[in-house]
Amino acid sequence: MVTLVTKLVHCFHRRRRYVQYTMNQESTTRVTEKPEFNRSSSQDSLDELSMEDYWTELENIKKSSENGQEDEEVVVVKEPDEGELEEEWLKEAGLSNLFGESADDPQESMVFLSTLTRTQAAAVQKRVETVSQTLRKKNKQHHIPDVRDIFAQRRESKEKAPDGPELQSVRANENKYEGKDDQASSIIVGNEKLILPVPEDTPSSETAINLEVSFAEQAVNQQESSKDKTQKNEGNDASLPSFRLPKDKTGTTKIGDLAPQDMKKVCRLALIELTALYDVLGIELKQQKAVKIKTRDSGLFGVPLTTLLEQDQRKVPGARIPLIFKKLISRIEEGGLETEGLLRIPGVAIRIKNLCQELEAKFYEGTFNWEGVKQHDAASLLKLFIRELPQPLLSVEYLKAFQAVQNLPTKKQQLQALNLLVILLPDANRDTLKALLEFLQKVIDNKEKNKMTVMNVAMVMAPNLFMCHALDLKSSEQREFVMAAGTANIMHLLIRYQKLLWTIPKFIINQVRKQNTENHKKDKRAMKKLLKKMAYDREKYEKQDKSTNDADVPQGVIRVQAPHLSKVSMAIQLTEELKASDVLARFLSQESGVAQTLKRGEVFLYEIGGNIGERCLDDDTYMKDLYQLNPNAEWVIKSKPL
């Protein structure tokens, strides 16, 4: 570790000497020395050269921006005051009616608040207090509820049982997942703590990610349990754990599996949970307020993702990833992913500029000659596309939150924060990021020939994702060095654990189910009241309601609907071992004719209604366990929407 630190610091000083040299020798040009591809077997040497990849990429970006758009608009983002920041936070969390006029249903907000964990409630309470103080100072006339009233019931229960059932269940549940949770390797540079990227070739331990318990609650539990224990020796924690998700009998929920109304609730809970996690760990989480800047309303490069997708969808309905982005990736793949230095070696700057202009003119007409695009040029165009987005791919609102991930003390907590941040990204950003990470993994899979390990790729791609050209992000050299290692570490985690990051934690799904259940009870009470007013017989209504739910289906049997298949309905006996894949297999085995061409992966079993809006089930969902969790659901086989 000492050798690695020495190499990284030498890298930093060599970088500083280079900057000083270029400032004193403006009339001369220096060719940056490229590390040889025949890498040394020494891991420390590999780390040093990987850091050089970062600085080389940074220099290439600066050179390309000098040769590019001179009239580029730089926006200096004004930091909002703390009160404004917390108001925005409460709005995004769906709790704007706690501090002023709002169209949201106050009763629904109270139901929402009742489902929060103690750490989530503390995060909300902290923001409400800040907004209340700010509004009082400004003499606002809004009615501001006292936080003691909002969380009165929770406070009473905590006073009665400070170490009550909730905390005990957290600890019991967490014990199932105990394993080696490696501390992130770090050094101190100036006053900054720098968390280093970890080589991927070192032996790794396997750690289960607990998705049943709030991440912030786990962090509190870990802090409390470590008070009387000796702290871990960071020197023994150099490896990157092989994280895995334990099997969940009620099914794993991926982003894209839920109906929009439930996904909206998931995003609100993810924001509160992320804030609670950062609060518990003492990390400042400041959302950047999105700013309106003048952008192009057509074209390919420098166009907002949403605008780009709107024009793409006129050509390809249902497109979720920009067509130019997909085409650049496919062009690189067609050229072969074994090419040495892929993504690392830049294309010729003047040629890249000419290709950009030609693409802008000919791409949508279909007359652009892709055969003439060299592979390194296509890779440079892909990185340029990402950099030229008016708002960063990781979003203006959450770019700082992504950067702050490096300050979390353990790799598990870094992964948990990234999971929540991915959930919070806008759909277009999230889908494009997913396509990028999948492509980068393919590049890494060919590392034996292209010499691009996950560390090399992370170092090259980090400046492209974390440098926002439209914002004034100037920083000192020391800060730049910390940013280099930190963002490369985050990029490394995004690539390495991408299959886990698109999973919605079970504890959030359970909170959504609880919200839906409470709202249904409220709606049912309102309906009964209305029916009584209209002079209907209440007993008759309840009897009819019960009969429609039970609809000639015996106990332990579910009726599965498949309106688009030849067998449109089937009663299926629940057993301990029956999975969603078995239900699909029974329907597909009875298909004939054109419908017989349907394959697994084209249609899915859905859980609809009850305590969830709509949820696509994974193949390994045990139906009896899920039925017990949501007995009022309907079961439907259909294809996923585009």
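Residues numbered from 1 in each chain as written. Predicted model: local features only at pLDDT ≥ 70, side-chain atom pairs only at ≥ 80, totals over all residues. Heavy atoms only, no water.

Caption draft 1: Region of interest: the overall build of the protein chain. The helix and strand tally for the protein chain stands at 25 helices and 11 strands. Across the 642 residues that make up the protein chain, the buried fraction comes to 50%. Within the protein chain, contacts between residues at least 6 apart in sequence are counted, and of these 79% link residues at least 24 apart. Surface accessibility of the protein chain: about 31900 Å² in total, with carbon and sulfur atoms responsible for 49%. (Helix = DSSP H or I, 4+ residues; strand = E, 2+ residues; numbered from the N terminus. Buried < 20%, exposed > 50% of the residue type's maximum accessible area, 1.4 Å probe, protein only. Contact = heavy atoms within 4.5 Å. Areas by Shrake-Rupley, 256 points an atom, 1.4 Å probe, with all protein chains shown as cover.)

Caption draft 2: Focus on unusual backbone geometry. Located in the positive-phi region is serine 395, a residue other than glycine, with phi close to 75°. Mapped onto the elements, serine 395 comes out in the loop between α14 (375-388) and α15 (396-404). Of note, lysine 451 is a non-glycine position whose phi angle comes to about 60°, a positive value. Here lysine 451 lies in the loop between α18 (447-450) and α19 (454-466). The class for lysine 451 is partly exposed, based on a relative accessible area of 29%.

Caption draft 3: Representation of helix α13 (residues 349-362). Between its first and last C-alpha, α13 extends 20 Å over 14 residues, near the 20 Å set by a 1.5 Å rise per residue. Every buried residue of α13 is accounted for by Ile352, Leu355, Cys356 and Leu359. The arc that holds the buried residues of α13, viewed along the axis, is 105°, so those residues lie on one side. Structurally, α13 contributes buried residues whose contacts are with α12 (323-334) and α14. (Expected span 1.5 Å × (residues − 1). Arc of directions from axis to C-beta.)

Caption draft 4: Focus on the environment of glutamine 498. Mapping glutamine 498 onto the fold places it in helix α21 (residues 498-501). The buried category is assigned to glutamine 498, whose relative accessible area is 11%. Separated by 79 residues in the primary sequence, glutamine 498 and asparagine 419 have C-alpha atoms spaced 9.1 Å apart. A distance of 3.0 Å separates a polar atom in the side chain of glutamine 498 from the backbone oxygen of leucine 437. Within polar-contact distance, the side chain of glutamine 498 engages the backbone nitrogen of glutamate 438 at 3.3 Å. (Polar contact = N/O pair within 3.5 Å; in protein donor to acceptor, adjacent residues only side chain to side chain.)

Caption draft 5: A look at the sheet that holds strand β9 (residues 604-609). Across the sheet, five strands lie side by side as β8-β7-β11-β9-β10; this open sheet has mixed pairing. Each edge of the sheet is formed by a strand with only one pairing partner; in this case those strands are β8 (569-573) and β10 (612-616). With direction set aside, neighbouring strand axes in the sheet form an average angle of 25°. Pairing geometry for strand β7 (residues 557-561) and strand β11 (residues 634-638), over two bridges, is parallel. In the sheet register, glutamine 561 faces β11, and the bridge partner there is valine 636. Packing against the sheet, helix α24 (residues 580-588) makes contact with β7, β8, β9 and β11, and its axis sits at approximately 135° to β8. (Pairing = 2+ DSSP bridges. Axes fitted to C-alpha atoms, helices over the stretch in contact; angles between N-to-C directions.)

Caption draft 6: Structural detail: the nonpolar core. Core analysis: the largest hydrophobic core is formed by 127 residues, its most contacted members being Val124, Tyr278 and Leu440. The biggest single contributor to this core is helix α10 (residues 260-280), with 11 residues. Those residues in contact with tyrosine 278 that sit more than four places away from it in its chain are Ile283, Glu284, Leu285, Ala401, Ala404, Val405, Leu408, Ala417 and Leu421. Residues Ile558, Ala562, Ala580 and Val583 belong to the second largest nonpolar core, which totals 21 residues. (Core = buried A, V, L, I, M, F, W, Y, C linked by side-chain atoms within 4.5 Å.)

Caption draft 7: Molecular detail of the packing of α15 against helix α16 (residues 411-424). Following both chains from N to C, one finds α15 and α16 inclined at 170°, their axes separated by 10 Å at the closest point. Taken together, α15 and α16 sit at an angle that is classed as roughly antiparallel. Residue-level inspection shows Tyr398, Ala401 and Phe402 of α15 in contact with α16, the latter providing Leu418, Leu421, Val422 and Leu424. For the contact of α15 with α16, the residue count by class is seven nonpolar, no polar and no charged. (Parallel < 35°, antiparallel > 145°, perpendicular 65-115°, else oblique. Nonpolar A, V, L, I, M, F, W, Y, C, P; charged D, E, K, R; others polar.)

Caption draft 8: Local environment of the environment of leucine 393. With respect to the element layout, leucine 393 can be found in the loop between α14 and α15. Relative accessible area serves as the criterion here: at 1%, leucine 393 is assigned to the buried category. For the pair leucine 393 and threonine 432, spaced 39 residues apart in the sequence, the C-alpha separation amounts to 7.9 Å. Contact partners of leucine 393, with chain neighbours within four places excluded, come to Leu305, Leu425, Asn429, Thr432, Leu433 and Leu436.

Caption draft 9: Quick peek at the confidence of the model for the protein chain. Confidence in the prediction of the protein chain, expressed as mean pLDDT, is 78, and 66% of residues score 70 or more. A low-confidence stretch, residues 157-165 stays under pLDDT 50, and its non-local contacts, those more than four residues away or across chains, total three contacts. Segment residues 545-550: pLDDT under 50, and one contact once partners within four positions in sequence are set aside and those in other chains are kept. (pLDDT = per-residue confidence, 0-100.)

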